[in-house]
Structure formats: C-alpha cells, structure tokens
Amino acid sequence: MSDRKEFRDLADPEEAHEAIESLDLTPVPETVPLDDARGRVLAKRIDAELDVPGFDRASMDGYAVRARDTFGADEADPATLDLIGAVHAGATPEVTVDPGTCAEISTGAVMPDGADAVVMVERTTEMTGEDGDDRIEIRTSVAPGDHVMFAGADIAAGGRALGPGTEITPREIGLLSALGVDEVPVRGKPTVGIVSTGDELVRPGDDLHSERGQIYDVNSYTIAAGVEEAGGEARLYPHAGDDYDEMERLLVEASEECDLVLSSGSTSASAVDVIYRVIEDRGELLLHGVSVKPGKPMLVGRVGDSAYVGLPGYPVSALTIFRTFVAPAIRGAAGKPEPRTATVTGRMAVEERYSEGRMRLMPAGLVNDESGETLVYPVDKGSGATTSLVEADGVVVVDADTEYLAAGEAVEVTLFSPDVRAPTLLGVGEDDPALSRLLDRVERPRYLPVGSREGLRRLRDGLPDVAVVAGPTSRDAVATRDPTGNGDPEPAETLGAWTREWGLVVPTGNPDDVTGLADLVDRDLRFVNRDSNSGLRVSLSNALADLAEERGTTRREVTEAVDGFDRAVRAHESPARRVLAGDADAGLGLRATAERLGAGFLSLGTQEVRVYANPGRTGKPGVDRLRTAIADADDVFASLAGYER
C-alpha cells in the first residue's frame, strides 16, 4: 500500500489571506532613470524645483498687447495699434510693447516686456497706415492675463508635484519631464521566483511526447505574466521533476535570490508529491490546503528568508489561486492598486457648461461620497497644463450638441488605465508646506492647490472632501449647500488648524534694507505678490488697508504705489525664488520658505490655516485619516520655521 500524507485541516479563504499577508514581501526602494520609471511606484514625495512654465507665455497665436489699449474695442469701433515686431516660440523677445503698440506672438512664446494680454489672431485685421507702417486693428477688448499662461500656472516651484505611492504612467512621466527630473525614487519590485514541478512537464519549444503523458509547462509562463502585471519581477527557474533532492536544490536557490518563491504542482497529498516535505525540512509550513474550489491543494510557508506559496498544478486552479491570494500580496508589496474595469459610471458632482458645438473629450476626476457612490468632476487647467492629466482619472466624451452636463447627471468615464481608482481624499484650497507633509500620511490623496478663495467656493458647491483655508473667514463662507436644495446650508467641520508666520521675503542679507510694508509704498522696490485666490494675498491686502488708514488715504492709492502689487504668482515659494533670482526686491511669503531657501525675511504677522471637512463626507476613511494626521503632527509643525499648532 502506498504511503500517503493526508491534507491537514482545510483553512478557510480568510486564513489563507492572513497567512500570505504575514509574509514580508516588501523590497528595498531604488532609484531608476526616468525612461525606466513607467509602471513603477514612487517611494517618496516629489516637489517641483522650478516653475512650469518658467516664464509668462502666450496660450494662442495672436498679438501681445497692453490690455488697457483694447478697452472698449469691438467690431464696430476697433482699436488700432502699431505693429513693432514679432516674438516666436523658443526665442528671447527683442521688443517692448509700449502704449499704443503690439507685437505678433506665437503660441508658447515668451510674453514681451510691457504686454499683459494676448488678442487671438481671429479677432484682428492687419493693415498698412498712410505712413506705410504696419498696424493691427483689434476688434475685441481683453483683460490683463487673457490668453496668457503665467509662470508657475501649471505647477509652481515648491508645489507638491507627486506623492509617495503614485503609480507612474505616461501622464506622470510627462510631468516629471517638465520638472527636469531624470532619476526617480521608486519602490522596489518584489522578485518572484517561479519553479514548475512534475515529471510530465515540458517547456514550450522542446519536443513533446504525448504518448508518455507529457504536457507543456503552462503555469510558468501564465504565472510569470501575472507576477509582472501585479508589479513584481518574475524569474523562471529550471524545471524540477518529482525528485526530492532536485526540488530542494531549486527551492533553496530561488529563496536565496527572491522575495517570494512560487511553485506549481506537487502540492497534493500523493506519495510522489513531496514538496511539502521540502518546506517542512528547510523552512516553515504555515498552511496546507484551502477550502476553495478550484485550488484546494495550496501551500503557504517560508524557505530561509523568503516567502513561499505552492500553487496547484492544474493551470486553471493555479491561475485562480494566484489571482485570488498571491497577486494582491505582490501588488501590496509593489505599491500597486487593485485593478478595476476600464470604464466607470458616476454622477456629475457639479454642473459643467459647454457650447462650442464640437465633441469634447473632457478630462474628469473621480471622488467617492460617504456612501461610496462615484462622483465625477471636470478637470481643466488649459491645454498647456501637464497637471490636468495627472489630476484627471479619465475622459468623458461630450457630444457636440450637448450644451451642459447637469449636476447629478449620469456620465461614463473612460479611465486612463484599468487600475485607476478614485482618491481616498479629495482636497482643495491653499498650498502650504505643512499640508504637503500631512498628505504624505494619507493613502492616495489628491490635492488641488486652487487657493483659499476658490477652495471655499468649491466647498460651498459640495465637491471636495476637505478645503484648506488660510486667513480670516466667516461662518457663512464655510457652509456647504444642501445637495437636495430643500434645506439650509450645513456648516463645515473643522478637522484642525495651525498658524504660520508670513511677511516679506528679501534677498540674503537684505541689501536694500527693507524694514516693512511702508518701504514698498514709498520706495522704488520691485515686489512679487500672490494671486487673488491666495490667503496670503488677503492678509497682505488687509495689512495695506491698515497702513492706508494710518496715513489717511485709500487702500487703492496705497496698493497702486506698490510696484508689482498686481504681479501675481501661484504658489508659496514662487515669490521667494524670484527674489533670489534677482527678478524682484521683495516678495510675499512664509518664514518657513525663506529659511528653507536661504533668503532674508521680515515678519508681518501670523496667519491661521484651517482644514474644513465637507459635512457630507466626515465619515470617509480618507477624511478620518487626515484628521488623525493633523492631531499627530507635532513633528511636522516643529520642523517648519514659523509654524505653531
């Protein structure tokens, strides 16, 4: 009678998951060249080290103008400007746009000095004056900033570009390229050794003798493909028969070289199936047999320092067990998300109007409400913005005859990748160094640094999970609208708050001896401000209003006396970097930024930063994780100059 070893008590599937999760598959991080980074997972946060774009540029073909020269112009009464030259993409402007003049400009070209807007070529007419000089008729009026993409509008220096755990797709490759990153810190790929067993197996390409009961080795190649798909690196080892010594040699060799060893076959209780004895002799057998069909004969254990899983021999069973139990562990070790279908259906979170009469491929982001329902919102920062793609999860195709998508309307999103999932937390509002560090402690967050004012607007519309606001706010400003439209707005919950010191960033050593805001008003100093959505801009405006009151004059007169008050940039580090580059004498910023970059700093006070939660999302796990991160963030605030809880 044959000597058979019977199965041990069958484990339930949850026990199998727990046994595999107890095995440490996590590889060490590594740094790879940018051209090898696709499909990898970031090991740490990457911040922008420069503004993108690095200069104010035209966003369409036309004419660079001083906006005030076009005020009142229309089809019936056009403005006529002298044409002084042309500026082409990739070239340094050699002209200055003075009052009454304009310059031809190409899409992507640097805005010439003096110009603050672009008139699209379709709204102009070329003509020759009586003196023979070229002139341009402007048949529309434009405002400062129209058709101009300002430096840092895509992503600004010091901004949080990509966070740890981000899977790098062609979209992220584009953003990293735009930032000049050539080496990327990524999580290591778990190395998985694959050993197929059984005397009947033959590798594809070798001679097959069916009369001897031989079959081709299917499992080695299907499992290797599954390992690569899950984010691991597969290594195929020579075929092992049913000989104990050869099987032991191959498993030990693989365990010394890999994080995980997979075998297929030789896992049943037959007398010739000896692999479980190898594991018991050379390691530890944690589990033998799972109450699941197909795939009952599964082994889980360790060989040396390597994890081990024995898969069934039948290809369908082997692949089923691999996808159900092993692939999630490999994805977890590699930092890869669970796969999902390539399209999702959700409800529009906000109304989106569109009336250009063309089919639109609308970049869209996903966010889940507290019940898990998928909400879809448009992501559009302009065709020149690389971050639009990074912040979007897919595309909604809008028919040409669709004038608007109503809030609550069902739409289908074609995902950029089948692996795309909605972020666990969607935040909007002020950009802040402490916040960037707090977001590192939340799994798969997405944060849109749109500024405090815009963040509050989006919170009132009910789109984000949280809004981050700097500066004074009223209670009514932080209430969200009732989504049913039948009740009063609900107040937002405060998840946490801290203060930060703000003021003027000046060159190292303060060579111009700037002592305060009065110097900006009274002296010929070049200043760089923040955009109007920024909470820092609000605090500065309030301080200038106080100065105006002290002097018995108006806020407008004071702000107009500041050279560069309307010279606005998008992120907290950009003014400081312009000061250090010699492009300005002072800039609006934070003490933390000045100290990090080695600049001088004049304090103008402290500013409160508050994190408000959408009252309909306070139960989301991502919101709760951010709440905890803020509560446990003493180390974050201690590491930043001028910050206090």
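Observations concerning the overall build of the protein
Helix and strand counts for the protein stand at 16 helices and 38 strands. Contacts in the protein between residues far apart in sequence, at least 24 positions, make up 71% of those at least 6 positions apart. Taken as a whole, the protein presents about 29,200 Å² of accessible surface, with 45% of it coming from carbon and sulfur.

Observations concerning a negative patch on the surface
Taken together, the side chains of D61, E104, E122, E126, D133 and D134 present a region of like negative charge at the surface. Looking at the secondary structure, you find E122 in the loop between β7 (117-120) and β8 (124-128). Residue E122 is classed as exposed on the basis of its relative accessible area of 52%.

Quick notes on the sheet that holds strand β20 (residues 306-311)
Two strands in a sheet stick together by hydrogen bonds in their backbones, pointing the same way (parallel) or opposite ways (antiparallel). Pairing within the open sheet is mixed, and its 6 strands lie in the order β16-β13-β17-β20-β19-β18. Either end of the sheet is taken by a strand with one partner, and the two such strands are β16 (233-236) and β18 (283-288). Strand after strand, the sheet turns through a mean of 20° between neighbouring axes, direction not considered. Of the strand pairs in this sheet, strand β13 (residues 191-196) and strand β17 (residues 260-264) are connected by 5 bridges, and their pairing is parallel.

Side note on the packing of aromatic side chains
In the structure shown here, the tally under the stated rule is 1 aromatic pair. With 5.2 Å between their ring centres and 40° between their planes, W498 and F637 make a pair best called tilted. Residue W498 is found in strand β33 (residues 493-506), and its partner F637 is found in helix α16 (residues 634-638); the two are separated by 139 residues along the sequence. Overall, the relative accessible area of 1% leaves W498 in the buried class. Looking at F637, the relative accessible area reads 4%, which means it is buried.

Brief notes about the environment of E644
Mapped onto the secondary structure, E644 falls in strand β38 (residues 643-644). Given a relative accessible area of 55%, E644 falls into the exposed group. In the structure, E644 is positioned 146 residues away from W498 in sequence and 5.8 Å away in space, judged by C-alpha atoms. Excluding anything up to four places from it in sequence, E644 contacts W498 and T499.

A short note on the sheet that holds strand β24 (residues 374-378)
Pairing is mixed in the closed barrel, where 5 strands are placed in the order β21-β24-β23-β25-β27. Strand-to-strand, the axes of this sheet are offset by a mean angle of 50°, without reference to chain direction. By the bridge criterion, 2 bridges tie strand β21 (residues 343-348) to β24 in an arrangement that is parallel. Residue pairing for β24: M348 is matched across the bridge by V376.

Here's the deal with the side chain of R537
Tracing the sequence through the fold places R537 in helix α11 (residues 535-551). In contact with R537, not counting residues within four places along its chain, are N529, R530, D531, S532, F565, D566, A568 and L588.

Here's the deal with the environment of P27
Among the structural elements, P27 can be located in the loop between α1 (13-21) and β1 (30-33). Note on P27: relative accessible area 14%, which makes it buried. Beyond its immediate stretch of four places on either side in the chain, P27 contacts G188, K189, P190, D259 and A333.

Considering the pairing of strand β19 (residues 299-303)
Most of β19 is tucked away: 4 of the 5 residues are buried. Both β18 and β19 contribute to a ladder of 5 bridges, which runs antiparallel. Looking at the pairing, L285 lines up with G301 of β19. The sheet contact formed by β19 and β20 spans 5 bridges and is antiparallel. Within β20, the position partnered with V300 by the bridge is V309. The turn linking β19 back onto β20 is made up of 2 residues, and G304 within it adopts a positive phi angle of 60°.

Points about the pattern of salt bridges
As enumerated under the stated definition, the model contains 42 salt bridges in all. Salt-bridge contacts for R457 lead to D461; the nearest nitrogen and oxygen are separated by 3.0 Å. The exposure class assigned to R457 is partly exposed, which follows from its relative accessible area of 37%. Note that D585 and R526 form a salt bridge whose closest N and O atoms lie 3.3 Å from each other. With D585 in the loop between α13 (574-580) and β36 (586-590) and R526 in the loop between α10 (517-522) and β34 (527-530), this pair connects stretches of sequence that are 59 residues apart.

So, how was this worked out
- Residues numbered from 1 in each chain as written.
- Predicted model: local features only at pLDDT ≥ 70, side-chain atom pairs only at ≥ 80, totals over all residues.
- Heavy atoms only, no water.
- Helix = DSSP H or I, 4+ residues; strand = E, 2+ residues; numbered from the N terminus.
- Contact = heavy atoms within 4.5 Å.
- Areas by Shrake-Rupley, 256 points an atom, 1.4 Å probe, with all protein chains shown as cover.
- Patch = residues over 30% accessible without salt bridge, like charges linked within 9 Å, V, L, I, M, F, W, Y side chains within 5 Å.
- Salt bridge = Lys/Arg side-chain N within 4 Å of Asp/Glu carboxyl O.
- Lys, Arg positive; Asp, Glu negative; His and termini not counted.
- Charge placed at Lys NZ, Arg CZ, Asp CG, Glu CD.
- Buried < 20%, exposed > 50% of the residue type's maximum accessible area, 1.4 Å probe, protein only.
- Pairing = 2+ DSSP bridges.
- Axes fitted to C-alpha atoms, helices over the stretch in contact; angles between N-to-C directions.
- Phe/Tyr/Trp six-rings, centres within 6.5 Å; stacked < 30°, edge-to-face > 60°.

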